[in-house]
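Chains, contacts and geometry: an overview
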Amino acid sequence: MSADQERQDTKNSTAVDIDVSGIGDEACRRIAEATDLSELDALASEFLDKSSRLSQLKASMKDLEPEERKLLGARMNQTRGAIEAELAQRRSTLETEVIQARLSAESLDLTEYLGQTTAGHAHVVTRTWQELEDVFCGMGYNVETGPEVETDWFNFEALNLPPSHPARSMWDTLYLDTSDLDGVSDGQLVLRTHTSPVQIRTMLRAVRDGSGPPIYSVCPGRVYRRDTADATHLPVFHQIEGLVVDRGITMGDLAGTIETFVKQYFGSDMTSRLRPSYFPFTEPSAEFDISTPDGGWLEVGGCGMVHPNVLRSGGLDPNEWSGFAFGFGIDRLAKIRYGIKDLRAFMTNDIRFLEQF
Ligand code: DAH
């Protein structure tokens, strides 16, 4: 009820009554004009507290006639109710304003992101893998794959590494627990330590389905070692294997292939060299290096002429066929090409690193 109505409703106006109406009018006007909640709190105590003018008037009522006291009491309650109602209404308006102000202050203008694509891109190692496939496909090679869980036979024995061969220690091998598998004895299943077992699978399949030799294939894939990650080692990394089997293949073909690859991948001003080395599955064996701008050499991978025992494991007669093979780390190659200091950066999923490639 507004103060005006209250005034009209009241027939028997007294001086005190007018004063009550005046207080009510003033309170309602000032409440309506209050601009924030603390001002409203101050008005609430000014007009409703014990020390307020209304409370003081009430205290002075004891001197009035009973009839008058009754009338004035009712008027005061009405006025009090009107002030309270006005306070509540204004409070709710101001609270809504506060929330609105906060919402618009905290809102983010995201329109600049509209239409921007954040689709991402392939990881630098995946891209390197794909680029390597492209280079070798351009040289007429097929892409082969093999399983990451291998048998000891494919991973070692067929590659001229019988069980007690000392060179097995060249690979820190992760063996699978086969105790739950019927008919598989312990130590028979490994996480492949290199992509070389795919050489054997490729030869056996070619012989089986009559598609080769000649074989010109590469096999990129993930490999595992029992290694602690550091700047130059990862326990899970990637290799690409090459295998060529044909008639009359020589070490010259191997050297020429490596040189062509290096020029294709790193640029025509780069060159390669072979250094004598040892691998059980090749004879002779070599490591191949690439030249660096400062006149030095960087070791990239291993290679050699496929060992006669390996050709036999693949179902081929070494008197009829000869071949070469090579293998190197894809991650390492990306590290060299992009000058990455620490191999672990490939695994950290740090967007600031990944965005650079
Ligand atoms: N498998 C070897 C390794 O992981 C790399 C390698 C060396 C592969 C010589 C080959 C090769 O095909 O001929 O260390």
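Computed from a prediction, not measured in an experiment: that's the story for all the values here. (Residues numbered from 1 in each chain as written. Predicted model: local features only at pLDDT ≥ 70, side-chain atom pairs only at ≥ 80, totals over all residues. Heavy atoms only, no water.)

A cis amide bond links Pro213 with the next residue in sequence, Pro214, at an omega value of 5°. Here Pro214 lies in the loop between α8 (197–209) and β4 (215–224). For the bond running from Glu283 to Pro284, omega is -5°, close enough to zero to count as cis. Positionally, Pro284 belongs in strand β7 (residues 282–291). Even without glycine at this site, Asn160 takes up a positive phi of about 70°. By secondary structure assignment, the location of Asn160 is in the loop between α7 (152–155) and β3 (189–191). Judged by relative accessible area, which is 17%, Asn160 ranks as buried. In the Ramachandran plot, Asn349 falls in the positive-phi region, its phi being about 60° despite a non-glycine side chain. Tracing the backbone shows Asn349 in the loop between α11 (330–338) and α12 (351–354). (Helix = DSSP H or I, 4+ residues; strand = E, 2+ residues; numbered from the N terminus. Buried < 20%, exposed > 50% of the residue type's maximum accessible area, 1.4 Å probe, protein only.)

Moving on to the site of the ligand. The local shell around the ligand holds 16 residues, among which His194, Ser196, Arg225, Gln239 and Glu241 are the closest. Between Glu241 and the ligand, the recorded distance is 2.6 Å, taken from a side-chain N or O atom to an oxygen atom. Burial of the ligand by the protein amounts to 92% of the accessible area it has alone, namely 360 Å². Of all the elements in the fold, those that place two or more residues in the shell around the ligand are β5 (236–246), β8 (297–306) and β9 (322–329). Among the residues forming the shell around the ligand, the class breakdown is six nonpolar, eight polar and two charged. (Near = heavy atom within 4 Å. Polar contact = N/O pair within 3.5 Å; in protein donor to acceptor, adjacent residues only side chain to side chain. Areas by Shrake-Rupley, 256 points an atom, 1.4 Å probe, with all protein chains shown as cover. Nonpolar A, V, L, I, M, F, W, Y, C, P; charged D, E, K, R; others polar.)

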